[in-house]
Amino acid sequence: MVEPAGEFETIRELFAPLAHPEWGRGLRDDVAVVPSRPGFDLIATKDAIVEGVHFLPDDPMDTVARKLLRVNLSDLAAKGAEPFGYLLACAWSPRLDWPERQAFAEGLKQDQVAFGVHLLGGDTVSTPGPSSFSLTALGWTPAGAAVSRAGARPGDVVVVTGQIGDGWLGLKAARGGLALDPDRIQALTSHYRTPEPKTALADLVLAHATASVDVSDGLLADLTHLLEASGVGADLALERLPLSRAGSAWMEDRVDPEAALLDLATGGDDYEILMTVRPGAVEALRREVERRHDRLTVLGEITARCGLRVSHQGQPVAVGRMGWRHG
């Protein structure tokens, strides 16, 4: 009979090799020791994912680990922060034995190299299920410079990076619920399982954004969070929503384009950066984003009148659910 994977074996064999050689203390201690950095603020963010809620039971475990790390790095990017390390907590269900844990650690290893971060410490436990994982990401910004949700002012322009809707469509694709070409299904599924955090744009957020948030709960929901924090409103044109090629292909068969765009704008899991910027900064920001092989789209503008007003082709749109709501 094969013994189930244990806590200390998991730490020693799988996670200790991922630890920062100095600050993580080889995961042989109860703490990590994080050095100070004169002239910088330490930025911390924490997200958790749960099997059956944030990832599917049959998702490959390397992609589960990579998604966990990436959604946290996305939060850092939206604040303009440079990532440097993370803390991890794993609650393994009985179905996740040694091979699944190895795959999970391998996914983290790949993304540590890709994003220049190290594991600093954490915990690993067993649970009857479902499995859940929590990660706290740490990063640096110049002192006092971290961009908040609360800085938007009337006259600012609302912009977003990349494309919107691929996270929601990717979940449908992963569940076998889309009728598109195989290459587009693959692209959408990949986006859902391993979204791309916009860490390469963090310095542009610092330089240009008056307020910023990453798009995780849905574009409309996250914009609403930003508006409430800033005490302002916004006008947003739904037809400006930036779509990927797969998203555009899906739209071709929609009998109600307005409703379809609302689905994409409220679905979530996009992990793009939604910003407000001063009007005079938009073109310089757009040029620099495009130079980095990304995309910037103007969606609307900030108003003194509070609340989000959505239109489609110049006509007001009644919006019910803004996006994902956590329990």
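Refer to the structure presented above.
**Student:** Any chance you could break down the overall build of the chain for me, citing the residues and the numbers?
**Tutor:** Of regular secondary structure, the chain possesses 10 helices and 11 strands. Here the C-alpha atoms of the chain give a radius of gyration of 20 Å, agreeing with the 20 Å that 2.2 N^0.38 yields for 327 residues. Considered along the principal axes of its C-alpha atoms, the chain spans approximately 65 × 50 × 35 Å. Among the 327 residues that make up the chain, the fraction classed as buried is 52%. Contacts in the chain between residues at least 24 apart in sequence constitute 85% of all its contacts with a sequence separation of at least 6. Only carbon and sulfur atoms are counted for the fraction: they give 52% of the accessible area of the chain, which is about 14,800 Å². Mean positive and mean negative side-chain charge positions of the chain (32 and 45 charges, respectively) differ by 4 Å.

**Student:** Help me get a handle on the nonpolar core, residues and values and all.
**Tutor:** The biggest cluster of nonpolar side chains holds 40 residues, and the ones touching the most others in it are Leu219, Leu236, Trp250 and Leu274. Those residues in contact with Leu236, other than ones at most four positions away along the chain, are Leu219, Leu220, Leu223, Leu299, Gly300, Leu308, Arg309, Val310 and Ser311. Ranked by size, the runner-up nonpolar core spans 28 residues in total, among them Tyr86, Leu88, Ala105 and Val117.

**Student:** Before we move on, can you summarise the packing of helix 4 (residues 166-174) against helix 5 (residues 182-193) with the specific residues and values?
**Tutor:** The N-to-C vectors of helix 4 and helix 5 enclose an angle of 110 degrees; their axes lie 7 Å apart at closest approach. If you check the angle between helix 4 and helix 5, you find them roughly perpendicular. Residues Asp166, Gly167, Leu169, Gly170, Leu171, Ala173 and Ala174 of helix 4 form the contact with helix 5, whose participating residues are Ile185, Leu188, Thr189, His191, Tyr192 and Arg193. Of the residues belonging to the contact of helix 4 with helix 5, the class tally is 7 nonpolar, 4 polar and 2 charged.

**Student:** Can you lay out helix 9 (residues 257-266) for me, pointing to particular residues and giving the numbers?
**Tutor:** Among the residues of helix 9, those classed as buried are Ala260, Leu261, Leu262, Leu264, Ala265 and Thr266. If you follow the buried residues of helix 9, they end up packed against helix 4, helix 7 (219-230), helix 8 (245-251), strand 10 (307-312) and strand 11 (315-317). Gly268 lies just past helix 9 and shows a positive phi near 85 degrees.

**Student:** Outline the sheet that holds strand 7 (residues 233-237), listing residues and values.
**Tutor:** What the 7 strands build is an open sheet, ordered 6-8-5-9-7-10-11; its pairing is mixed. Where the open sheet ends on each side, the last strands, each with one partner, are strand 6 (209-214) and strand 11. Taken over all neighbouring pairs, the strand axes of this sheet differ in orientation by 30 degrees on average, direction set aside. Sheet topology places strand 5 (residues 157-161) next to strand 8 (residues 273-277); 4 bridges connect them, and they run antiparallel. For Val157, the partnering residue across the bridge sits in strand 8 and is Val277.

**Student:** Which residues make up the pattern of salt bridges, and what are the values?
**Tutor:** Summed over all chains, the structure comprises 16 salt bridges. The closest approach of N and O atoms between Arg70 and Glu196, which form a salt bridge, is 3.2 Å. Placement of the pair is Arg70 in helix 2 (residues 61-78) and Glu196 in the loop between helix 5 and helix 6 (202-208), with a sequence separation of 126 residues. Look at Glu196 and you get partly exposed, because its relative accessible area is 44%.

**Student:** Pulling in residues and values, what's your account of the sheet that holds strand 4 (residues 132-142)?
**Tutor:** In spatial order, the strands read 1-4-2-3; together these 4 strands make up an open sheet with mixed pairing. A strand with exactly one partner marks an edge of an open sheet, and here the two such strands are strand 1 (40-50) and strand 3 (118-126). Each neighbouring strand pair of the sheet contributes to a mean axis angle of 15 degrees, computed without reference to strand direction.

The rules behind the values
Residues numbered from 1 in each chain as written. Predicted model: local features only at pLDDT ≥ 70, side-chain atom pairs only at ≥ 80, totals over all residues. Heavy atoms only, no water. Helix = DSSP H or I, 4+ residues; strand = E, 2+ residues; numbered from the N terminus. Rg over C-alpha atoms; globule rule 2.2 N^0.38 Å. Buried < 20%, exposed > 50% of the residue type's maximum accessible area, 1.4 Å probe, protein only. Contact = heavy atoms within 4.5 Å. Areas by Shrake-Rupley, 256 points an atom, 1.4 Å probe, with all protein chains shown as cover. Lys, Arg positive; Asp, Glu negative; His and termini not counted. Charge placed at Lys NZ, Arg CZ, Asp CG, Glu CD. Core = buried A, V, L, I, M, F, W, Y, C linked by side-chain atoms within 4.5 Å. Axes fitted to C-alpha atoms, helices over the stretch in contact; angles between N-to-C directions. Parallel < 35°, antiparallel > 145°, perpendicular 65-115°, else oblique. Nonpolar A, V, L, I, M, F, W, Y, C, P; charged D, E, K, R; others polar. Pairing = 2+ DSSP bridges. Salt bridge = Lys/Arg side-chain N within 4 Å of Asp/Glu carboxyl O.

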